[in-house]
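Examining the three-dimensional arrangement
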Amino acid sequence: MIKNINQISEQAFLLDFGGEITKEINQNVINVFYYVYEQIRKDNFLDLKNCVPSYNKLLLQFNPVKKNKNEIINFINAIEVATIGLQTDHKEIEIPICYDEEFALDLHDVSMKTNIDENMIIKSHLSTIFFVYMIGFMPGLPFMGDLQSNLSVSRLITPRVCVPSQSVGVVEKFCVIYPNESPGGWNIIGRTPIRLFFKNKKNPSLLKPGSNVKFRLISKKEFFELERDI
């Protein structure tokens, strides 16, 4: 499961699960992440400070003052057995999306690049059940897969200085939602009125690694009504 354990600083190990980006490898990362997080939440006898998952790696931060690196490595090596059969929450979360041209800044360009009709792109996007590989780049931003291969497009040659909050973007097989206004180079195909990050909540992120996401089509009128209500 864990291919390599590399110490990358005086207070962090990087756990490597393999060079590919697949759902199977990412599920292993997420399982270990939740297992370690639970240990931190309970007695945390190793004085671990943080645990951050990515596509195929896991960053584990520890207290260098305690000088217990060997114990931490032993703990890591035992995780594979400890996490057999561990399941994360696969509850499907529905996200409303509007593909109106005011919000779908790059939908026409994606259509031109893929030679696929805009309505077919929308239909394919709506029919995909997305898997959240990780949260990154900014608080609450989900990296979700997997788009159908015929919809794969590269990043914009010139990134935007300002991508509107809650914009939905695609690059290659992945889809993201921008929780906040931000620079970005993803192809924007729509927008949701739903907020993804609440800094004052105990669990601030609506989506988590391992979540499943399904988009639901709404009109421009419904978008503004939902945005107002929220």
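The structure contained in this document is the topic of the report that follows. Given the structure is predicted, the values throughout are model-derived calculations rather than measurements.

1. Focus on the overall build of the protein chain
Along the protein chain, the regular secondary structure elements total five helices and 13 strands. On C-alpha atoms alone, the protein chain measures out to a radius of gyration of 19 Å, which is about the 17 Å that the 2.2 N^0.38 rule sets for 230 residues. Judged by the C-alpha coordinates and their principal axes, the protein chain covers about 55 × 35 × 35 Å. A buried classification covers 47% of the 230 residues belonging to the protein chain. If you sum the accessible surface of the protein chain, you get close to 12300 Å²; carbon and sulfur atoms cover 51% of it. Placing the 26 positive and 26 negative side-chain charges of the protein chain at their respective mean positions leaves the two points 6 Å apart.

2. So, helix H3 (residues 107-114)
Among the residues of H3, those classed as buried are Leu107, Val110, Ser111 and Thr114. Angular distribution of buried residues about the axis of H3 spans 100°; they occupy a single face of the element. Where the residues of H3 are buried, they touch helix H4 (118-127) and strand S12 (187-191). Positioned one or two residues after H3, Asn115 has a phi angle of 60°, which is positive.

3. Comments concerning the pattern of salt bridges
Within the structure shown, the criterion is met by nine salt bridges. In this structure, Arg41 engages Glu38 in a salt bridge whose closest nitrogen and oxygen atoms are separated by 2.6 Å. With Arg41 and Glu38 both in helix H1 (residues 23-41) and three residues apart, this pair spans about one turn of that helix. Owing to a relative accessible area of 55%, Arg41 belongs among the exposed residues under this scheme. Classification of Glu38 as partly exposed rests on a relative accessible area of 28%. One continuous salt-bridge network, built from bridges that share partners, spans Asp100, Glu102 and Lys220.

4. Focus on the nonpolar core
Met144, Val213 and Phe215 are the most contacted members of the largest nonpolar core, which totals 25 residues. For this core, the secondary-structure elements that each account for two or more residues are strand S5 (92-97), H3, H4, strand S6 (129-135), strand S9 (167-171), strand S10 (174-177) and strand S13 (212-217). Ranked by residues supplied to this core, first place goes to H4 with three residues. Contact partners of Phe215, with chain neighbours within four places excluded, come to Ile95, Ile97, His125, Leu126, Phe130, Met144, Val168, Cys175 and Ile177. Formed by 19 residues, the second largest nonpolar core is a distinct cluster that contains Ile25, Phe33, Leu60 and Ile72.

5. A word on the sheet that holds strand S1 (residues 4-9)
What the four strands build is an open sheet, ordered S1-S2-S4-S3; its pairing is antiparallel. One side of each edge strand has no neighbouring strand; the edge strands of this open sheet are S1 and strand S3 (48-53). Between one strand axis and the next, the sheet turns by 20° as a mean value, whatever way the strands run. Pairing of S1 with strand S2 (residues 12-16) involves five bridges; the strand directions are antiparallel. Paired with Asn6 across the bridge in S2 is Leu14. In the packing of H1 onto the sheet, the strands contacted are S3 and strand S4 (57-62), and the crossing angle to S3 comes to about 160°.

6. Re unusual backbone geometry
Following Gly145, the chain continues to Asp146 via a peptide bond in cis, the omega torsion being 10°. Secondary-structure assignment places Asp146 in the loop between strand S7 (142-145) and strand S8 (160-163). The phi dihedral of Lys67 falls on the positive side, at around 55°, and the residue is not glycine. Tracing the chain through its elements places Lys67 in the loop between S4 and helix H2 (69-82). Given a relative accessible area of 75%, Lys67 falls into the exposed group. Although it is not a glycine, Phe137 adopts a positive phi angle of roughly 70°. By the secondary structure assignment, Phe137 is in the loop between S6 and S7. The class of Phe137 is exposed, set by a relative accessible area of 61%.

Analysis parameters
Residues numbered from 1 in each chain as written. Predicted model: local features only at pLDDT ≥ 70, side-chain atom pairs only at ≥ 80, totals over all residues. Heavy atoms only, no water. Helix = DSSP H or I, 4+ residues; strand = E, 2+ residues; numbered from the N terminus. Rg over C-alpha atoms; globule rule 2.2 N^0.38 Å. Buried < 20%, exposed > 50% of the residue type's maximum accessible area, 1.4 Å probe, protein only. Areas by Shrake-Rupley, 256 points an atom, 1.4 Å probe, with all protein chains shown as cover. Lys, Arg positive; Asp, Glu negative; His and termini not counted. Charge placed at Lys NZ, Arg CZ, Asp CG, Glu CD. Arc of directions from axis to C-beta. Contact = heavy atoms within 4.5 Å. Salt bridge = Lys/Arg side-chain N within 4 Å of Asp/Glu carboxyl O. Core = buried A, V, L, I, M, F, W, Y, C linked by side-chain atoms within 4.5 Å. Pairing = 2+ DSSP bridges. Axes fitted to C-alpha atoms, helices over the stretch in contact; angles between N-to-C directions.

Nothing here speaks to function; it is geometry throughout.
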